[in-house]
Amino acid sequence: MKKILFCFLFGCTMAASAGAQTYQELSDRALAAIEQDSLAQAEDYIRQALKLEPANPRNAFLFSNLGVIQRKQRRYEHALESYTFALNFAPHSVPILLNRAALNLELGRDDAARVDYSLALDKEKDNQEALLMRAYIYMKMRDYKSARADYEHLLKLDPSSYNGRLGLATLEQKEGRLPEALSLLNRMIDEQSGQQTERTQLAVLYVARAGVEQEMQHPESALLDLEEAMRLDSSQAEAYLTRGQIYLSQGKKKQARQDFEKAVSLGVPQAELRELMRQCR
């Protein structure tokens, strides 16, 4: 759920002084420029407004939108700084906390992201984005008990949550509860196959089930699922990586190498496959 939230200025009354009007005009122009994707112009308007009234409480929204602009421009450190300035004005703003958490997670700062998601949940205990992403972080940290608590909370709020159910299935697999993981993925695939489901989402489920089947020593079933995943979405790098591992275990080195090379072309870092590629010689 790596979405970016814009903070808009609502309920602004007409100020009496010319300075306040100018601040409002600059804020409005910044929002219009953002909507037109004129990011450099929007940043200029925001900085003019901030300079004009540096103590205005509404600067929380300006700093937040500045962070969004900088994130879009891949100026990540500047974006983090802007989100932090925004939170200095509005420390309990859940949208700003979610923005900073998502950016921290994108930068690999998992613990900082976890703290921000926890702060958001302190204010909105049922915030589904925060629950989902904190569960994911806990799972990466191997804090499986905490991850399960967040996934179960999320699924009580939304039992049909695709990401929540997939995350729980992944957690079951990581904890070695393979039959439970397989059962959950079977149900999801049966349900999604009977609906107008996005092909990529269904492909991800087939790849996930293939990974469980591989661990359960059912390579033929795994290969069938991987072929179906590739048919649905040929850009699934994980499908080629998993099939390459199965081929390698079967001594089919040429086919394995082809799949590993395809996985690299789809974005898997070559360094991560160096040892597998060496085994294909």
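If you're wondering where the values come from, they're calculated on a predicted model, not measured in any experiment.

## Here's the deal with the packing of helix H3 (residues 59-72) against helix H4 (residues 76-89)
Closest axis-to-axis distance for the H3/H4 pair is 8 Å, and the angle between their directions is 165 degrees. The pairing of H3 with H4 is recorded here as roughly antiparallel in orientation. Crossing geometry of H3 relative to H4 is assigned as left-handed. Residues Asn59, Ala60, Phe63, Ser64, Leu66, Gly67, Val68, Gln70 and Arg71 of H3 touch H4, and the partners they reach there are Tyr76, His78, Ala79, Ser82, Tyr83, Phe85, Ala86 and Phe89. Each residue belonging to the contact of H3 with H4 can be placed in one class, and the counts come to 10 nonpolar, 6 polar and 1 charged.

## Points about unusual backbone geometry
The phi angle of most residues is negative, glycine excepted, and most peptide bonds adopt the trans form. In the Ramachandran plot, aspartate 37 falls in the positive-phi region, its phi being about 60 degrees despite a non-glycine side chain. What makes aspartate 37 exposed here is its relative accessible area of 53%. For arginine 142, which is not a glycine, the phi torsion comes out positive at approximately 65 degrees. Looking at the secondary structure, you find arginine 142 in the loop between helix H7 (128-140) and helix H8 (144-157).

## Description of the packing of helix H11 (residues 199-215) against helix H12 (residues 219-232)
In the contact formed by H11 and H12, the axes pass within 8 Å of each other and the chain directions differ by 165 degrees. Relative to H12, the element H11 lies roughly antiparallel. Where H11 crosses over H12, the handedness of that crossing is left-handed. Of the residues in H12, those touching H11 at Arg199, Leu202, Ala203, Tyr206, Val207, Arg209, Ala210, Glu213 and Gln214 are Ser221, Ala222, Asp225, Leu226, Glu228, Ala229, Arg231 and Leu232.

## With respect to the packing of aromatic side chains
What describes a pair of aromatic rings is the distance from one ring centre to the other and the angle between the planes of the rings. Enumeration over the complete set of coordinates arrives at 2 aromatic pairs. Each ring, one from phenylalanine 63 and one from phenylalanine 85, has its centre 5.2 Å from the other, and the planes form 40 degrees; the classification is tilted. Placement of phenylalanine 63 in helix H3 and of phenylalanine 85 in helix H4 is noted, with a sequence separation of 22 residues between them. In this structure phenylalanine 63 comes out as buried when scored by relative accessible area, which is 15%. Relative to phenylalanine 89, the ring of phenylalanine 63 has its centre 6.0 Å away and its plane inclined at 25 degrees; by these criteria the two rings are stacked. Within this pair, whereas phenylalanine 63 is found in helix H3, its partner phenylalanine 89 is found in helix H4, the two being separated by 26 residues in sequence. Through a chain of ring-to-ring contacts, three or more aromatic side chains come together here, namely Phe63, Phe85 and Phe89. Between the NZ or CZ atom of lysine 262 and the centre of the ring of tyrosine 240, over which it lies, the distance is 5.8 Å.

## Let's talk about the pattern of salt bridges
Per the stated rule, a full pass over the model turns up 19 salt bridges. For the salt bridge of arginine 165 with glutamate 191, the shortest nitrogen-to-oxygen distance reads 2.8 Å. In this pair, arginine 165 is assigned in helix H9 (residues 162-174) and glutamate 191 in helix H10 (residues 178-193), connecting sequence segments 26 residues apart. Residue arginine 165 is classed as buried on the basis of its relative accessible area of 11%. Here arginine 278 and glutamate 275 are joined by a salt bridge, their closest N and O atoms 2.5 Å apart. Highlighted residues: arginine 278 and glutamate 275, both in helix H15 (residues 274-279), separated by 3 residues, approximately one helical turn. In this structure, a network of salt bridges that share partners links the residues Arg148, Glu172, Glu175 and Arg177.

Cut-offs used in this document
- Residues numbered from 1 in each chain as written.
- Predicted model: local features only at pLDDT ≥ 70, side-chain atom pairs only at ≥ 80, totals over all residues.
- Heavy atoms only, no water.
- Axes fitted to C-alpha atoms, helices over the stretch in contact; angles between N-to-C directions.
- Helix = DSSP H or I, 4+ residues; strand = E, 2+ residues; numbered from the N terminus.
- Parallel < 35°, antiparallel > 145°, perpendicular 65-115°, else oblique.
- Left-handed = near helix turned anticlockwise from the far one by under 90°.
- Contact = heavy atoms within 4.5 Å.
- Nonpolar A, V, L, I, M, F, W, Y, C, P; charged D, E, K, R; others polar.
- Buried < 20%, exposed > 50% of the residue type's maximum accessible area, 1.4 Å probe, protein only.
- Phe/Tyr/Trp six-rings, centres within 6.5 Å; stacked < 30°, edge-to-face > 60°.
- Lys NZ or Arg CZ within 6 Å of the ring centre and 35° of its normal.
- Salt bridge = Lys/Arg side-chain N within 4 Å of Asp/Glu carboxyl O.

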